[in-house]
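Architecture at a glance
Here is what each chain is made of, one letter per residue.
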Amino acid sequence: MNYIGSKHSLLPFIEQVWREVRDNDEQTACDMFAGTGAVGRLFKRLGLRVIASDIQKYAFALNKAYLEINQPPRFTRLRNAYNFAIAANASNAESPVEQVLELLNGLEGAPGFISENYSPAGNRSYYSTENAEKADAIRQAIRDWRERKLISEPEQFYLLASLLEGIDQVANTASVYGAFLKKFKTSALKPLKLKPLELSNQVKGCKVHNRDANALIREIECDVLYLDPPYNHRQYGANYHVLETIAAYDTPKLSGVTGMRDYPRSRYCQAKEAAEAMEDLIVQARAKHILLSYNDEGVLNLEEINRILSLRGEPKTFQQKYSRFKADNGREYKRDATIEFVHYVRVRR
Ligand SMILES: C[S@@+](CC[C@H](N)C(=O)[O-])C[C@H]1O[C@@H](n2cnc3c(N)ncnc32)[C@H](O)[C@@H]1O
C-alpha cells in the first residue's frame, strides 16, 4: 500500500542496522506504530515473534492478516456452505483463497455506506460508482460471513486486508484521502480486484493490537522494540479516514466536502506533546534494543531524540540518503532527497 511514512523501501537499511546491533539470540520484536506492517513483517521473515500495534483500524486489519496468519486460509466452512456458488462462479480458480476471492470479485455491486458517501452519489469522487458499490458488496459479505460464523477471525482479516489493499489501488486521490480528485484518473477507473496476500514464513504466536503505543508499552516485553511514530503534524486518521471507515464498516457522522470522520489524535503529531509521549515510551520500554526511525524534519529535533534515548543507554545514529517521490497536484512527481535515520540504543541493564 502507498502509505505516508511506509518503511517498505527502507527495509534493506533497517535490516542492515538490525544485523549490525543484534546478538543473534533475540526471539521477539515489537512494532509499536505498525502502519502497513512492513517492518513487523521484516522481523517475522527474520524468524522473530512479532507484537505489533497501531491506533488505526485499517492498520490493525493489515497487520492481523500479515503477522498472525502464516498460511493462506482454507475457508473450509465457507466453501462447504457456498459449494454451489463457488463451483458455478469460480470454475477456473485453483486454491481455496483464489476461489473465495473470485467469488467476492464476482459479486454484484450493492448500496451501502461507501457508495453513498465516497462516490459520485455522495458528491465525493474518492471511488468510481462501480468500485464503491462493489466495495460495499464485498465488505457486507465479509461482515455477514463472519456474523454467521462461516469464516474464522483470521479468515475475516485476510479478506479485509485484501479489500483494503485492492480499494486503495483504485482510489481517486493524489496520494492520501485528505481530498479527492474532481476528474477520475485512469487507475481509479480500473475495476476493484481483490488479490491473494503475500504471506511470509511461519512464526507462531505473533500478536497484533489496536492500542495506543503508550498504553501497550506498559504491558509488553520484547528483545527489540522498533518505533516509527508520526513525525509531523499530519494525522494518519485524517489522511486515511476512508480506509478507516471501510475497515470499521460503521456509519460515522461525516463532515465537510471531504467527508471526514472523527479520528484519534496522535500525541506524536503535536509539537507540545510529542516529547513527553516519546520520553514516556522510552522510559517504560522493557526491551534489550530500541530502534527508532525519526528524521531531521520531525516535530522533535535530533538533539531531543538523543536526550530521550540517552535515558536508557548510549544512543547511536545510523543514516542513509533516500530519494522519495512527491506527488505535486497529482500530476507531476518530483524527486526529493532526504536523509533517513535509524536511532539505536542498547538498553542499559
Ligand atoms: C510513520 S507511520 C508507520 C509506518 C510503518 N512503519 C510502515 O512501514 O508502514 C506511523 C503510524 O503510527 C500510528 N500511530 C500514531 N500514533 C499512534 C499511537 N499513539 N499509538 C499507536 N500507533 C500510533 C499511525 O496510525 C501510523 O500508522
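Residues numbered from 1 in each chain as written. Predicted model: local features only at pLDDT ≥ 70, side-chain atom pairs only at ≥ 80, totals over all residues.

**Remarks on the overall build of the chain**
Under the convention used in this document: A helix here means a DSSP run of H or I that spans at least four residues, while a strand means a run of E at least two residues long, and both kinds are numbered starting from the N terminus. C-alpha atoms define the radius of gyration in this analysis, and the globule rule sets the expected value at 2.2 Å times the number of residues to the power 0.38. Using C-beta atoms placed from the backbone, we call a residue buried if 20 or more other C-beta atoms fall within 10 Å of its own, exposed if 12 or fewer do, and partly exposed for counts in between. Two residues qualify as being in contact provided that their C-beta atoms, derived from the backbone, are within 7 Å of each other.
Scanning the chain from N- to C-terminus turns up 14 helices and 7 strands. Its C-alpha atoms give the chain a radius of gyration of 21 Å, near enough to 20 Å, the size a compact globule of 349 residues would have. Oriented by its inertia axes, the alpha-carbon framework of the chain measures out at about 65 × 45 × 35 Å. Each of the 349 residues in the chain was classed as buried or not, and the buried ones make up 43%. Within the chain, contacts between residues separated by at least 24 positions form 71% of all contacts whose residues are at least 6 apart in sequence.

**Details of the nonpolar core**
This is how the line gets drawn: To form a nonpolar core, buried Ala, Val, Leu, Ile, Met, Phe, Trp, Tyr and Cys residues must be joined through C-beta atoms within 7 Å.
Ranked by size, the top nonpolar core spans 97 residues in total, and within it A61, A161, L164 and L225 carry the most contacts. Setting aside residues up to four positions removed in sequence, A61 forms contacts with F157, L160, A161, L164 and A247.

**Regarding the site of the ligand**
Going by this rule: The C-beta atom of each residue is placed using the backbone, and any residue whose C-beta lies within 6 Å of a molecule or strand is treated as near it. Under this grouping Gly is polar, as are all residues other than the nonpolar Ala, Val, Leu, Ile, Met, Phe, Trp, Tyr, Cys and Pro and the charged Asp, Glu, Lys and Arg.
In the neighbourhood of the ligand, 22 residues make up the surrounding shell, with G5, F33, G35, T36 and S266 lying closest. In terms of residue class, the shell around the ligand is built from 11 nonpolar, 7 polar and 4 charged.

**Regarding the domain arrangement of the chain**
Our working definition: Domain delimitation in this document rests on an assignment produced automatically or drawn from a domain database.
According to the domain assignment, the chain contains domain 1 (1–71 + 206–230 + 266–349) and domain 2 (74–198). Taking only C-alpha atoms, the centre of domain 1 and the centre of domain 2 are 30 Å apart. Between domain 1 and domain 2, the contact holds 14 residues from the first and 13 residues from the second. Sort the elements by how many residues they give to the side of domain 1 that touches domain 2 and helix α3 (residues 57–68) lands first, with 7 residues. Looking at side-chain class alone, the side of domain 1 that touches domain 2 contains 9 nonpolar, 3 polar and 2 charged residues.

**Considerations on unusual backbone geometry**
Within the chain, N123 stands out as a residue other than glycine whose phi angle is a positive 60 degrees. Residue position: N123 is located in the loop between α7 (113–118) and α8 (129–147). Phi is positive for Y249, which is not a glycine, with a value near 45 degrees. Structurally, the position occupied by Y249 is in the loop between α12 (241–248) and α13 (271–284).

**Digging into helix α9 (residues 153–169)**
In plain terms, the rule: One less than the number of residues in a helix, times 1.5 Å, gives the span that helix is expected to have.
The first and last C-alpha atoms of α9 sit 25 Å apart over 17 residues, in line with the 24 Å expected at 1.5 Å per residue. Here α9 lies mainly inside the structure; 12 of its 17 residues are buried. Buried within α9 are the following residues: E155, Q156, F157, Y158, L159, L160, A161, S162, L163, L164, G166 and I167. Where α9 is buried, its residues contact α3, α6 (96–105), α8 and α12.

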